[in-house]
Amino acid sequence: MATRASSVASVEQSLSGKAWRWRAGNMDLGDGAFRGGGLGDDLVAQLLMARGVARDDLDRHRNPSLRGFLPDPSIFRDMEDAAKRLAAAVTSGEKVTIYGDYDVDGATSAALLIRLMRDLGADPAYYIPDRLLEGYGPSGEALVRLAHDGSTLIITVDCGAMAYEALQMAKDAGVDVVVVDHHKCSAVLPAALCLVNPNRLDENDEAAAHGHLAAVGVAFVLAVALVRNLRNAGWFAERKEPDLFGLLDLVALGTVADVAQIRGLNRAFVAQGLKVMARRENIGMAALIDASRLSRAPTCSDLGFALGPRVNAGGRVGESTLGVRLLTTQDPDEARAIAAQLSQLNEERRAIEAAVQEAAEMQIDRQHNRAVIVLAGNGWHPGVIGIVAGRVKEKTGKPTLVIALDADEAGNGKGSGRSITGVDLGAAIIAARESGLLIAGGGHAMAAGLTVAPGKLEALADWLDEKLATDILAAMAGQSMLLDLSLSPRGLTPQLVTELESAGPFGMGWPAPRIAIGPVHLIKADIVGTDHVRLLAGGNDGASFKAIAFRAAQSDLGQALLHGSKGRKLWLAGRAKIDDWASRPQAELHLDDAAWAD
């Protein structure tokens, strides 16, 4: 158990109820401003080591590249067989269909393979199921229909790992199916020709170490294997090899939007993909950036909060094929039209989401201290339940399932879940399905989806409580606010933000640096937007800075900042960002927590 000596600013209980701990060693700048030199020369190295990088591996992680992190594709089971089957389809001119999921990971995975195969001279079709009418994963009827329409090879991306009945129907229809997925698998695999998935239970340790890849990352590794196979066969003797590096903007978008862990190979994918995205060579991606009103090159956070939600909106509340169409079109006018349509759908999604979230949160108090929050309601739009589950999880600190009842003709509920670090929700949902509690279900550690009969809902909630209660208690007991650096207000400078950002890109599994600033007094505190708390804070060193706590006005933290300071001094903790709206860029703090300094 951490001792008081390891605390940051002696904070044992913040306004959000957490102890503040150093992520690694004490990095307290005290009253000194960051000006480079001294600690600054080694700041990035310390941030990297605090995230698990060995000292002798720092150079590889400072500038993550594919050369430094991409494994030999052949380490994955079925990868070489899948590459050979795709190569045979390309060289013989077979009709190939890419069957993708309707979310960002599925859309980018499908777009990647479509663009690659077009560059190889093929003309693949694609099929994206409707979320409401067909649901998640391959439909046996759809696969058979594609076979009857002439497809001799179907590649499922971001789905298929648990599609037993559908893939058996495809096999019986005589069509080859290659599954490219990253979701958790059972011991018994479905009847696919090849199943490429680092989360297969029979994978070797080297391949399983890449289990954090999104499906689009697995698809990229397959692309590398396919091109290598064709190269060895002499296919490029009179043809130009495709630019695989140019596909990394798709990999970056799908990886971040799917909340995959940004470490190892994923970090290289995102770092290099952002560079490709800045070149704006993908017409659809450029239109998406413009529709998101970004006047600069996108950052990692833009992928998760601006670009990704727009692509997702098509599958959630609109037309499921819009994302793939946008990311594969060569027509600038079509790209602009689709991007505008996705932006409009995203606004509609926001309104639908707000209504479902309000209804869901009204049920929280009736959970009777359950370890897993299970919320269900009639008329809830299945397209937003995953987002709402994530919001409730953030508010309660507990794994959350949100279920739309009567979501199909049989009256079954469609659910989506989000978990907390240390609790494998995907594995629990698979176990619940195998125990007969679910009609369908699967996922990965942090997110899962399910179909449940209305009469099994209470039994499912009880089963999850019993299954996960111990893990959840352990995870919650270990929760604390981890910080990398503490300093006085004068130390919060644009130069510091630039230095901190150079240890990125950041995301799940590779957290952005969190800093503590104080002691400070609040010069001003008010609400902006609907429920964001805006602050102006000043310190003993005479410096002041702006801070904002998003969606915090109704929380205990927000109320304390708005009404409870009464001249008391505080420590503020959060992420340092650049505010470039002013005449000159200034550093500000995006607030995660606060604590009294006296």
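Everything that follows concerns the structure shown earlier in this document.
Residues numbered from 1 in each chain as written. Predicted model: local features only at pLDDT ≥ 70, side-chain atom pairs only at ≥ 80, totals over all residues. Heavy atoms only, no water.

S.K.: Just checking my understanding: could you explain the overall build of the chain for this structure?
M.R.: Helix and strand content of the chain: 20 helices and 18 strands. In terms of overall dimensions, the chain is globule-like: its C-alpha atoms have a radius of gyration of 25 Å, near the 25 Å expected for 598 residues. Projecting the C-alpha coordinates of the chain onto the three principal axes gives extents of approximately 75 × 60 × 45 Å. Partitioning the contacts of the chain with sequence separation of at least 6, the portion at a separation of at least 24 is 66%. Within the chain, one finds 61 positive and 73 negative side-chain charges whose respective centroids are separated by 5 Å. (Helix = DSSP H or I, 4+ residues; strand = E, 2+ residues; numbered from the N terminus. Rg over C-alpha atoms; globule rule 2.2 N^0.38 Å. Contact = heavy atoms within 4.5 Å. Lys, Arg positive; Asp, Glu negative; His and termini not counted. Charge placed at Lys NZ, Arg CZ, Asp CG, Glu CD.)

S.K.: Would you mind showing me how to read helix H15 (residues 332–361) here?
M.R.: For an α-helix, the turn length of 3.6 residues means that residues three or four places apart are oriented alike. Taking 1.5 Å per residue, 30 residues should reach 44 Å; H15 reaches 42 Å between its end C-alpha atoms and fits that length. Residues of H15 that are buried: Ala-335, Ile-338, Ala-339, Leu-342, Ser-343, Leu-345, Asn-346, Arg-349, Glu-353, Val-356, Gln-357 and Ala-360. Where H15 is buried, its residues meet helix H12 (283–291), helix H13 (300–317), helix H14 (322–328), strand S7 (373–378) and helix H16 (385–396). Put simply, Asp-331 is the residue that caps the front of H15, since its side-chain oxygen is 2.9 Å from the backbone nitrogen of Asp-333. (Expected span 1.5 Å × (residues − 1). Buried < 20%, exposed > 50% of the residue type's maximum accessible area, 1.4 Å probe, protein only. Polar contact = N/O pair within 3.5 Å; in protein donor to acceptor, adjacent residues only side chain to side chain.)

S.K.: Mind showing me how you'd approach the sheet that holds strand S3 (residues 125–127) here?
M.R.: Reading across from one edge, S3-S2-S4-S5-S6 is the order of the five strands in this open sheet, with parallel pairing throughout. In this open sheet, the two strands that pair with only one neighbour each are S3 and strand S6 (194–196). Strand-to-strand, the axes of this sheet are offset by a mean angle of 20 degrees, without reference to chain direction. Bridge count between strand S2 (residues 96–100) and strand S4 (residues 153–157): five bridges; the pairing is parallel. Pairing of Ile-98 across the sheet is with Ile-155, part of S4. (Pairing = 2+ DSSP bridges. Axes fitted to C-alpha atoms, helices over the stretch in contact; angles between N-to-C directions.)

S.K.: Would you explain the packing of H12 against H13 in this entry?
M.R.: The relative placement of two packed helices is expressed as an angle between their axes plus a distance between the axes. Relative to each other, H12 and H13 sit at 110 degrees, their axes nearing to 9 Å. On the basis of the axis angle, H12 is roughly perpendicular to H13. As H12 packs across H13, the resulting crossing turns out to be right-handed. Across from Met-285, Leu-288, Ile-289 and Ala-291 in H12, the residues of H13 making contact are Leu-307, Arg-310 and Val-311. When the residues that make up the contact of H12 with H13 are grouped by side-chain class, the tally is six nonpolar, no polar and one charged. (Parallel < 35°, antiparallel > 145°, perpendicular 65-115°, else oblique. Left-handed = near helix turned anticlockwise from the far one by under 90°. Nonpolar A, V, L, I, M, F, W, Y, C, P; charged D, E, K, R; others polar.)

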